[in-house]
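Each chain, written out:
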Amino acid sequence: MEKKCFKCKKKIILKYVLSKKGYSLKNNWDYWTENPKHENKFICNSCLLDLYYNDKGKYLEEVKNNKKRRIFTAYVYNKTIS
Ligand SMILES: [Zn+2]
């Protein structure tokens, strides 16, 4: 499935995850923010990393759920987001 990053407008290919019987959620902005206003907003890996490394304040403001922050950090370190 193809989506566009809401920040840089680059194309994002969402991967179908067999074990989850659904598309990977890591590029869904509302998955991270849990903000209904961000429903159907997609963000590419490089914009996610840019936020994480270069705009920590914004990242912490947007990604409030501690469990999601732990998942995010794990994805950065295991290169799921790369
Ligand atoms: Zn982007």
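Look up: the structure comes first, before these words.
Residues numbered from 1 in each chain as written. Predicted model: local features only at pLDDT ≥ 70, side-chain atom pairs only at ≥ 80, totals over all residues.

Trainee: Sorry, what's going on with the overall build of the protein here?
Mentor: The helix and strand tally for the protein stands at four helices and four strands. Taken from N to C terminus, the helices and strands of the protein fall in the order β-β-β-β-α-α-α-α. Expected size for 82 residues packed as a compact globule is a radius of gyration near 12 Å; at 12 Å, the protein falls within 12% of this value. Taken along its principal axes, the extent of the C-alpha atoms in the protein is 30 × 25 × 25 Å. Burial statistics for the protein: of 82 residues in total, 13% are counted as buried. Long-range contacts, defined here as pairs at least 24 residues apart, represent 45% of the contacts in the protein between residues at least 6 apart. (Helix = DSSP H or I, 4+ residues; strand = E, 2+ residues; numbered from the N terminus. Rg over C-alpha atoms; globule rule 2.2 N^0.38 Å. Buried ≥ 20, exposed ≤ 12 C-beta atoms within 10 Å, placed from the backbone. Contact = placed C-beta atoms within 7 Å.)

Trainee: For this particular structure, what's the right way to read the nonpolar core?
Mentor: Taken as a class, soluble globular proteins show a tendency for nonpolar side chains to be buried jointly. Of all hydrophobic cores here, the largest spans 10 residues; its members are Ile-12, Trp-29, Trp-32, Phe-42, Ile-43, Cys-44, Leu-48, Leu-51, Val-63 and Phe-72. Mapped by element, the contributors of at least two residues to this core are helix 1 (29-33) and helix 2 (45-54). Not counting the four nearest positions on each side in its chain, Cys-44 is found in contact with Cys-5, Cys-8, Lys-10, Ile-12 and Asn-27. (Core = buried A, V, L, I, M, F, W, Y, C linked by C-beta atoms within 7 Å.)

Trainee: For this particular structure, what's the right way to read unusual backbone geometry?
Mentor: The phi angle of most residues is negative, glycine excepted, and most peptide bonds adopt the trans form. For Lys-21, which is not a glycine, the phi torsion comes out positive at approximately 50°. Within the element layout of this structure, Lys-21 appears in the loop between strand 3 (16-17) and strand 4 (22-23).

Trainee: In this structure, what is going on with helix 4 (residues 66-77)? I would like to understand it.
Mentor: The first and last C-alpha atoms of helix 4 sit 17 Å apart over 12 residues, in line with the 16 Å expected at 1.5 Å per residue. Of all 12 residues in helix 4, one are buried, a share of ten percent or less. Lys-79 occupies a position one or two residues after helix 4 and carries a positive phi of about 65°. (Expected span 1.5 Å × (residues − 1).)

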